[in-house]
Amino acid sequence: MTNLPTSPATIEDPTQAYISDRAAAGAVNDELIDRDGGLHSHWAPLAEAYRRLGSAELRRRQDEIRIQVEREGVSYNIPGPSASPPARRNWALDPLPLVIPEDEWQALERGVAQRAELLDAVLSDLHGPRRLLRDRIVPPAMVLSDAQYLRAADGVTLPGPRQLVLAATDLFRAADGSWRSLGHRTQAPSGMAYALDNRRVVARVFPRLFRSSEVRRIGPFIRAYRTAIQAASPPGRDSPTVVVLSAGSQSETAYEHGAIATRLGYPLVEGSDLRIRKGRVWLKTISEQLPVDVILRRLDALSCDPLELRPESTLGVPGLVDACRTGAVSVINPLGAGVLENAALTSILPRLARSVLGEDLAFATAEAWWCGEATARSHVLANLGRLVVRPRSRASLVHSIDTTRLAGAELDQLRRRIEAEPTEWVGQERIEPATSPVLIGGRLRPRATMLRSFAVADGDSYRVMPGGLARTAGDDPDQPVANRLGARSKDAWVLGTDVDSLADGERIRIAGAATTIASTPARAAENLFWLGRYAERAEATVRLLRAVAQRRADLQPGSTGPDREAVRHLLVAATRITGTWPGFVGDDAEARLAEPGDELRSLVIDPDRPGTVAHAVDRMLAAIEAVRDQLSVDTWLVVGSIQRRIERLDPDDPERDEAEAALLDDLLHGLLSLSGLATESMVRDQGWHFMDAGRRIERALHVAALVGETVGSANDFPTEGLLLESVAAATESIVTYRRRYRWQARTSALLELLITDPGNPRSLRFQIDRLDDDLAHLRASRPTADAPSATPLVLELSRRLQDADPDRLAAPDPDQRRPGLIDLTATARDLLRRASDGVEADYFTRQLPQQAVLAPVEVPRSRA
C-alpha cells in the first residue's frame, strides 16, 4: 500500500482529487484505492505519471483518444425500436486503464481457463452422452426447453480435444476484494476486437507510460485464436479455407466482425455469400465457387439455418446444419454452444465443477436461484425487490430486471410472470462491482467496472488473454454496465512479463497454413462497386454545389442580367442532375429560385433525400462498413468524420452560409483524400477494379448530365460564358480551360475538353477508356464465363465519342437547341446505366428477397 494524504487536492493532480472525493464518500471498493483509503501499490507509478501530466493534459489526451477512435471508425450499433436501423455510436474509451497486478492475474487466469474447461465438458455432454441430464446433475427442464438447446446439433462435433473454441467470462470485483463471475458468453463472444483497439489507441496516446509499465501483450492471444480456428478444420484439410460469417452491417457488433476478419486475414461474408452444394459449403466469388472448410460465425446459431433452426431467418445458410452433421464444415463456436449462456446454469456451476472436473471453482459466481426448483423459486419470490431477475435463455430479448427499481404494481406483475413460467426465470444477487476512476467532465469519477476475459482452446487446455475488455458504467452511475446504455470501455493492463508459448515451429506452421482467397466474394465486389459510385456521386455533387455557391456570390442584391440568368440555369440543372424533385423545376419552383438557400442546404445535409450529398455519404459509409475487411485501416482516417461533419451543421446558425461553404470544402477534402487513398494505396485486384468501374460510370454519368443540362441549349453570349466557366469549375477543369483556350468562352472548346479529350481525367472519353480497362481486367478473371454484357455497351459509347466533333455538337438549331449534344449526352447516360446493370447481372449475387411463410422477417441483430 502507498499512503497518500486525503486533504483537498489541487485540480492539477487528478488521482489525488479522486482519492479525496472517495474518502469523503466513505467508499472503499475501488480499483485505485485500498480499504485504508490509500493508493494500491500497483497504481502508484501511474498515479505519479498522471500527477506530472496534470488534469489539463489528461483531458487533452482524452480528446486525442476520442479523435483517434472516431477517425478509425471504431463503433457500436445501438439497436433501434422495432425494425428501425440501429444508431451508430462511436466507441467510448477512457484514458485510464484497469490495472491488475501480476500475482492477482495469475489466479484469475487459472480460474478463467478452468471455467472454459468446465463449459467445454458440459457442452460435449449435453450434445453427446447427456450423462449430466440422466444423473440429474443438470435438471432436464433447465436446458431442454431452452431455445438455445439445439436438438438439430445433437452429435455434431468439431475435430480435436475441445468443442468450445472461444469462451468469455464476465468478471467483477466484489466488496471483499475478490474476483467473481457474473456469467459467460459462448455463442459468439464479442469484445475481443474492441480490446485490441483499446490497447492500440491507449498505447499510442500514452507511449512512454505504456512502455514503462511492463504490460503483458495481447497479440500472442490472437495468434493462438487463429491457430485454434484452423486446427478445428475437418480432417484432411491441410490448408483450410476459413470465412467469418456476419449478420451484416446492422448487427450491434458489426464493426467487430470486420475488425476480426481483417486481423485474422479471413474474408468477411454473409449468409447470401454461401451455399450448400454436393454436401459442402461453397463461397461465391467473382471468379469461381470455393469450398469452405471453417466458418467463424458471428451471428446467433438459431439464425444460421432456416431449414432446421429458425425458419424465418434471412441471415443464414439453408442446409448448414446438415453440412456440420456430416463433418463437411466446422462451425466455430459450434451451433449448440449458446446453451452454455443459460442463466440457470450459473446456479449449479459449483456442483458441476465438482462432478465434471473433480474440483472446486477457483473463484465464485454471483449467487443465483433457478425458479424451476421450488425452494429456489420461493427464495426469489420472497426477495423480489432486492434481487436481479433474468430470463433463463439469452434467446429471449428481455433484459435483466433490477427489482430494486420496480414499484409495487410492477413487482406484482413480475411475480405473476414467474409463477406462470417458473422455468423461464432466474433470480440473482444484486451485485455492486468495484468502481474505478473514469474521466468524465474533466474530473475523475467512480464508475462500476466489469472485465470480460477471453479463453481460447490451446491443444488440450485453454489460453487466456491477459486482461480483456474492461467496461464501466456511463455518465449515469446508477445504470448497469451495458453497451446499449452508454457504457465506456478501458484498456485492461496486466502487469508482468510476457510468456509466449506459441514459439514452437509446429504451431507457427499451422497458423500460416490457411488458404488465401484471391478472388473477391461477390457481395464484397458489389459493395466496392457501389462504394465507387457513391463516393464519386458525393464528390460530383459537392463540386456542383460549390460552383453554384461561387456564381451566387457574384450576384448583387436586386441585380438582373447574365449573372442571375446563369445562376438560374445552374439551379435548375442541379435539380435535374441530382434527381431531387421538385426542387428548382417542380411546383413552387419560382419561390425556391428566388430564395434558394433552404433548398441548397437540403441538397447538402438531408440524408433521407436521395440525390443529396448526405444521402450519398451515408450510402458510401454503409458500403465501406460492409467491406471493412477489404480496405486499408487508413480508410477510416479519411472518412471517419465526414458523416458527423454533416450532422453538426446547425440549420439555425446565423452564420450558416459561411458554415455551409466550409462544410463543402471539408467534404471535398475528405472525398479527395479517399480517392487518393484508393489510387495510391490499394492493390489493383478485382475489388479495386470494381470500385474504379463504379467511379468511372458515376463520373461519366455526371459529366454527361452536367453538360447536357447546362449547355444543351444556346444562351446569349454573356450568360453562356458564365455557364461554361461554372461547368469547368464543377468538373475541376477550369485551370486547363483557361490556359488552353486563353479565356475564350467557346462552347466547342469546353465540349472538346469535357467530352472528347482522352487525356483529361475529367472528360467523358477518359472515363470510358478507363472503364473499358477495368472490364478487361474483370473479364480476364473469368476466362470460362460468357462475355460480360456491359462490354458491348461501353465499346458502342467509345465509338460514338471517337466520332464526335465538338464544333458540330456546339452548333445550335433554329430553336437554339444543340441536338447533337443533347442526343450524345442522352445516349451516353442510357448506355452507362445499361452497362451498370450489366456489371451487376454478370458478377453480383442475384438473390430474391427472402420471407418466411409463417413468421415475420427477421431484423438483423446480435446479442453476442
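Residues numbered from 1 in each chain as written. Predicted model: local features only at pLDDT ≥ 70, side-chain atom pairs only at ≥ 80, totals over all residues. Heavy atoms only, no water.

Notes on the overall build of the chain
Our working rule: Segments assigned H or I by DSSP are reported as helices when at least four residues long, segments assigned E as strands when at least two residues long, and all are numbered from the N terminus. Radius of gyration: C-alpha atoms only; globule rule: 2.2 Å multiplied by the number of residues to the exponent 0.38. Buried, partly exposed and exposed residues are distinguished by accessible area as a fraction of the type maximum, computed with a 1.4 Å probe on protein chains only: under 20%, between the cut-offs, and over 50%, respectively. It only takes one pair of heavy atoms within 4.5 Å for two residues to be counted as in contact. Note on areas: Shrake-Rupley with a 1.4 Å probe; residue coverage comes only from the protein chains shown.
The secondary structure content of the chain amounts to 30 helices and 21 strands. Taken over the C-alpha trace, the chain has a radius of gyration of 31 Å; the compact-globule value for 864 residues is 29 Å, and the two agree within 12%. If you line up the chain on its principal axes, its C-alpha atoms span 95 × 70 × 60 Å. Here the chain, with 864 residues, has 57% of them falling under the buried criterion. Counting only contacts in the chain whose residues sit at least 6 apart along the sequence, the fraction spanning at least 24 positions is 70%. Just so you have it, the chain exposes about 34900 Å², and 50% of that area is on carbon and sulfur atoms.

Section: the sheet that holds strand β15 (residues 401-402)
Heads up, the condition is: Here the rule is simple: two strands pair whenever DSSP picks up at least two bridges between them.
Pairing is antiparallel across the open sheet formed by four strands, whose spatial order is β13-β16-β14-β15. Edge strands, defined here as strands with exactly one partner in the open sheet, are β13 (368-370) and β15. Sheet analysis places β13 next to strand β16 (residues 425-429), joined by three bridges and oriented antiparallel. Opposite W369, over in β16, you have G427 as the bridge partner.

Some words on the sheet that holds strand β6 (residues 242-245)
We count it as follows: Here the axes come from fitting lines to C-alpha atoms, over the contacting stretch only for helices, and the angles between their N-to-C directions go from 0 to 180 degrees.
Strand order in this open sheet of four strands is β7-β6-β11-β12, and the pairing throughout is parallel. Each of the sheet's edge strands pairs with one partner strand only, and the pair in question is β7 (268-269) and β12 (330-332). Here four bridges tie β6 to strand β11 (residues 294-297), and the two strands are oriented parallel to one another. When the bridges of β11 are listed, V243 appears paired with I295. Each of β6, β11 and β12 touches helix α8 (residues 219-231); the most contacted strand, β11, lies at about 130 degrees to it.

A look at the nonpolar core
The cut-off we apply is this: We define a nonpolar core as any set of buried Ala, Val, Leu, Ile, Met, Phe, Trp, Tyr and Cys residues linked to one another through side-chain atoms lying within 4.5 Å.
Residues M192 and I229 are the most contacted members of the largest nonpolar core, which totals 65 residues. Per element, the largest residue contribution to this core is nine residues, and it comes from helix α6 (residues 192-205). Dropping the residues within four chain positions of it, I229 is found in contact with V242, L264, Y266, V294, L296 and I332. Judged by nonpolar contacts, the second largest core, of 55 residues, contains L701, V703, L754 and L778.

Description of the packing of aromatic side chains
Each aromatic ring pair is specified by the distance between its two centres and by the angle formed by the two planes. The test is simple: By convention, a stacked pair of Phe, Tyr or Trp rings (six-membered ring in the case of Trp) has centres within 6.5 Å and planes under 30 degrees apart, an edge-to-face pair has planes over 60 apart, and any other such pair is tilted. Counting as a charge over the ring demands two things of the Lys NZ or Arg CZ atom: a distance within 6 Å of the ring centre and an angle within 35 degrees of the ring normal.
A complete count under the given rule lists ten aromatic pairs for this structure. Consider the rings of W530 and Y534, whose centres lie 5.6 Å apart with planes at 40 degrees: the pair is tilted. Here W530 and its partner Y534 are both found in helix α15 (residues 522-553), four residues apart, which amounts to about one turn of the helix. An angle of 50 degrees between the planes, with centres 5.5 Å apart, marks the rings of F690 and F844 as tilted. Residue F690 is found in helix α23 (residues 686-711), and its partner F844 is found in the segment after α30 (819-843); the two are separated by 154 residues along the sequence. As far as burial versus exposure is concerned, F690 and F844 are alike and both buried. When the ring centre of W688 is taken as origin, the NZ or CZ atom of R684, which lies over that ring, is 4.1 Å away. Sitting above the plane of the F766 ring, R770 keeps its charged end 4.7 Å from the centroid.

Some thoughts on the side chain of S436
Tracing the chain through its elements places S436 in strand β17 (residues 435-440). Residues in contact with S436, not counting those within four places in the same chain, are Y18, D30, E31, R445, P446, R447, T449, T472 and K490.

Some words on unusual backbone geometry
Cis peptide bonds are those with omega within 30 degrees of zero, and the linkage from I332 to N333 qualifies with -20 degrees. One can find N333 in the loop between β12 and α11 (349-357). Each neighbour pair has its own omega, and for W581 with P582 the value is 0 degrees, a cis peptide bond.

Remarks on the state of the cysteines
Heads up, the condition is: Criterion for a disulfide: a pair of cysteine sulfur atoms at a distance within 2.5 Å.
Taken as a whole and judged by the stated rule, the model has zero disulfides. Here C304 stays unpaired: no disulfide links it, and the sulfur of C324, its closest cysteine neighbor, is 8.3 Å away.

Examining α23
In an α-helix there are 3.6 residues to a turn, and that puts residues three or four apart on one side. Selection criterion: What a helix is expected to span follows from its residue count: subtract one and scale by 1.5 Å. The term polar contact refers here to a pair of N or O atoms within 3.5 Å; inside protein, the definition further demands a hydrogen-donor-capable atom paired with an acceptor-capable atom, and it admits residues adjacent in sequence only when both atoms are side-chain atoms.
Taking 1.5 Å of rise per residue, 26 residues should cover 38 Å, and α23 covers 37 Å from first to last C-alpha, within 8% of that figure. The buried fraction of α23 is high, at 24 of 26 residues. With a side-chain oxygen positioned 3.3 Å from the backbone nitrogen of G687, the residue opening α23 is D685.

Focus on the pairing of strand β19 (residues 461-464)
Consecutive side chains of a regular strand alternate in pointing toward one face of the sheet and then the other. Bridging between strand β18 (residues 443-458) and β19 involves four bridges; their strand directions are antiparallel. What sits directly across from A455, in β19, is V464. In sequence, β18 turns back onto β19 through a hairpin of two residues, with G459 there showing a positive phi of about 70 degrees.

Focus: the environment of G73
Relative to the helices and strands, G73 is located in the loop between α2 (44-71) and β1 (75-78). Given the relative accessible area of 0%, G73 is considered buried. Expressed as a C-alpha distance, the spacing of G73 and R628, which sit 555 residues apart in the sequence, is 9.9 Å. With residues near it in sequence (within four places) discarded, G73 still touches R88, Y255, R628 and W636.

Focus: the pattern of salt bridges
In plain terms, the rule: When a carboxyl oxygen of Asp or Glu is within 4 Å of a side-chain nitrogen of Lys or Arg, the pair counts as a salt bridge.
Counted under the stated rule, the structure contains 68 salt bridges. One salt-bridge network, in which partners are shared between bridges, spans E536, E539, R543, R695, R699, E732 and R762.

Things to note about α8
If you check α8, its first and last C-alpha atoms are 19 Å apart, about what 13 residues at 1.5 Å a residue would give, namely 18 Å. Among the residues of α8, those classed as buried are P220, F221, I222, A224, Y225, T227, A228, I229 and Q230.

A look at the environment of D772
Residue placement: D772 occurs in helix α27 (residues 764-780). Take D772: its relative accessible area is 25%, and that puts it in the partly exposed class. With 642 residues separating them in the primary sequence, D772 and R130 have C-alpha atoms 62 Å apart. Apart from the residues within four sequence positions on either side, D772 is in contact with V794 and L795.

Some remarks on the side chain of T346
By the element assignment, T346 lies in the loop between β12 and α11. There is a polar contact of 2.5 Å between the side chain of T346 and the backbone oxygen of A343. Aside from chain neighbours lying at most four places away, what touches T346 is T365, A368 and Q428.

Focus: the confidence of the model for the chain
Counted only if it meets this: pLDDT runs from 0 to 100 and stands for how confident the predictor is about each residue.
Counting all residues, the mean pLDDT for the chain is 90, and 91% of those residues have values of 70 or more. Low pLDDT, under 50, characterises residues 1-11; the stretch is placed with 25 contacts to residues that sit more than four places away or in other chains. A low-confidence stretch, residues 502-512 stays under pLDDT 50, and its non-local contacts, those more than four residues away or across chains, total 17 contacts.

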